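Structural overview for review
Chain by chain, the residues run as shown.
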Amino acid sequence: MIVKSLKLNQFRNYESLQLSFDKGTNLFYGNNAQGKTNILEAVYLCGTTKSHKGSKDREMIRFGEEEAHIRMAISRSQSAYEIDMHLKKNRPKGIAVNGVPIRKAAELLGIANFVFFSPEDLGIIKNGPAERRRFMDMELSQLDKIYLSNLINYNKVVNQRNKLLKELSFKSSEEKLETLDIWDLQLVKYGTEVMKRRVGFVQELNEIIGGLHEKLSGGTEKLTIEYQPCVEETTFLDTVTKMRERDLRMKSTCFGPHKDDLIFFINGSEVKKYGSQGQQRTAALSLKLAEIELVKKVVKDTPVLLLDDVLSELDSNRQQFLLNSIGQIQTVITCTGLDEFVNSQFAVHKTFQIQNGTVIHENNI
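So, here's what we can say about the structure.

Cut-offs and rules
- Residues numbered from 1 in each chain as written.
- Predicted model: local features only at pLDDT ≥ 70, side-chain atom pairs only at ≥ 80, totals over all residues.
- Heavy atoms only, no water.
- Axes fitted to C-alpha atoms, helices over the stretch in contact; angles between N-to-C directions.
- Helix = DSSP H or I, 4+ residues; strand = E, 2+ residues; numbered from the N terminus.
- Parallel < 35°, antiparallel > 145°, perpendicular 65-115°, else oblique.
- Left-handed = near helix turned anticlockwise from the far one by under 90°.
- Nonpolar A, V, L, I, M, F, W, Y, C, P; charged D, E, K, R; others polar.
- 1 Å grid on protein atoms, 1.4 Å probe; cavity = no way out; pocket = protein on both sides within 12 Å on 5 of 7 lines; lining within 4 Å.
- Points joined across faces, edges and corners; volume = space filled by probe spheres on them.
- Buried < 20%, exposed > 50% of the residue type's maximum accessible area, 1.4 Å probe, protein only.

1. Some remarks on the packing of helix 4 (residues 145–170) against helix 5 (residues 174–216)
- Packing of helix 4 against helix 5 leaves a shortest axis separation of 9 Å and a crossing angle of 150°. Overall, the two elements helix 4 and helix 5 adopt an arrangement that is roughly antiparallel. Taken as a pair, helix 4 and helix 5 cross one another with a handedness that is left-handed.
- Grouping the amino acids of the contact of helix 4 with helix 5 by side-chain chemistry returns 14 nonpolar, six polar and seven charged.

2. Section: the layout of surface pockets
- The space that makes up the largest pocket amounts to roughly 860 Å³.
- It is helix 4 that contributes the most residues to the lining of the largest pocket, nine residues altogether.
- Taken together, the residues of the lining of the largest pocket sort by class into 13 nonpolar, 10 polar and 12 charged.
- Of the volumes computed, that of the second largest pocket is approximately 380 Å³.
- If you trace the second largest pocket, you find 20 residues lining it, with His 52, Ser 118, Asp 121, Arg 134 and Lys 288 closest to the centre.

3. Structural notes on unusual backbone geometry
- Even without being glycine, Gln 10 reaches a positive phi, approximately 60°.
- Structurally, Gln 10 is set in strand 1 (residues 2–11).
- Here Gln 10 falls in the buried class, since its relative accessible area comes to 17%.
- With a phi close to 50°, Asp 309 is a non-glycine residue in the positive phi region.

Pasting the structure below:
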């Protein structure tokens, strides 16, 4: 897969911008707070409907404006797509693919595949479980439309069930309790499917990540991932039933895949608890490289890799391993200067110098 071009209007600090990408490595450089990351955010948003930062639509519209537009052209082995995204301050975003509006944002997922790697991702191992669930959900949603459908339905059920739990805490009735029974069955139905797919996803990752991490660590470390569900599939309904009083007391659904986690182990020891900072960073790098390989395996095409100033956070050995691993993938990199690549054998094919929301210099190499 290749991103061919990107057009921005009133997005973040860009009044207007038009870019054409090389099929190899595209490097955006400049001082901090000039708008480099905003370009990666626009690309990722246009392919996934989500900001990698979790930003809301209105926060990505240029200050003082009511709307923003992103237009991205991509090509795959057998097809080409033009994605047009229209962000609005007080209304849902509008999306069109090849000029045809789509009814649901979820319909966009799967058309493009991106792997995003930022300094924040280096903390995915040591931070809270919400980040690891988000990693699973974003990757699986790009790869598996059935998973996406089940996840959307599950989240809707959780929201509706939580709303009913709050109502019951104020005024209980037989009718509302019967309604809760129905939501419980839906919770288990969709939640079980979500958990089953996550189990398979972690198995697929483990088949890839071990060898990558072994190379990264010089053969001294074995990295494995364990899926840690909040509740077992076989006892999900029983647990929900038994813990209903707690849910009513907490006014929230306390059990289910929205509470799941991933645990990372190096040589049998949990990385989050016992790993050094270097081990945690290496594990995060291995995870992202495994993500790339998994996309290749599942969709039979390469993803586009987005690297947001991540090289400055890695030592020279990890930098070189990363750069050597992505030579055959279209990559968009942000950094503060070209000096990071002076001593590297990594080939850069096109550079863009960014200053205050403007490309002041563009060079094909």
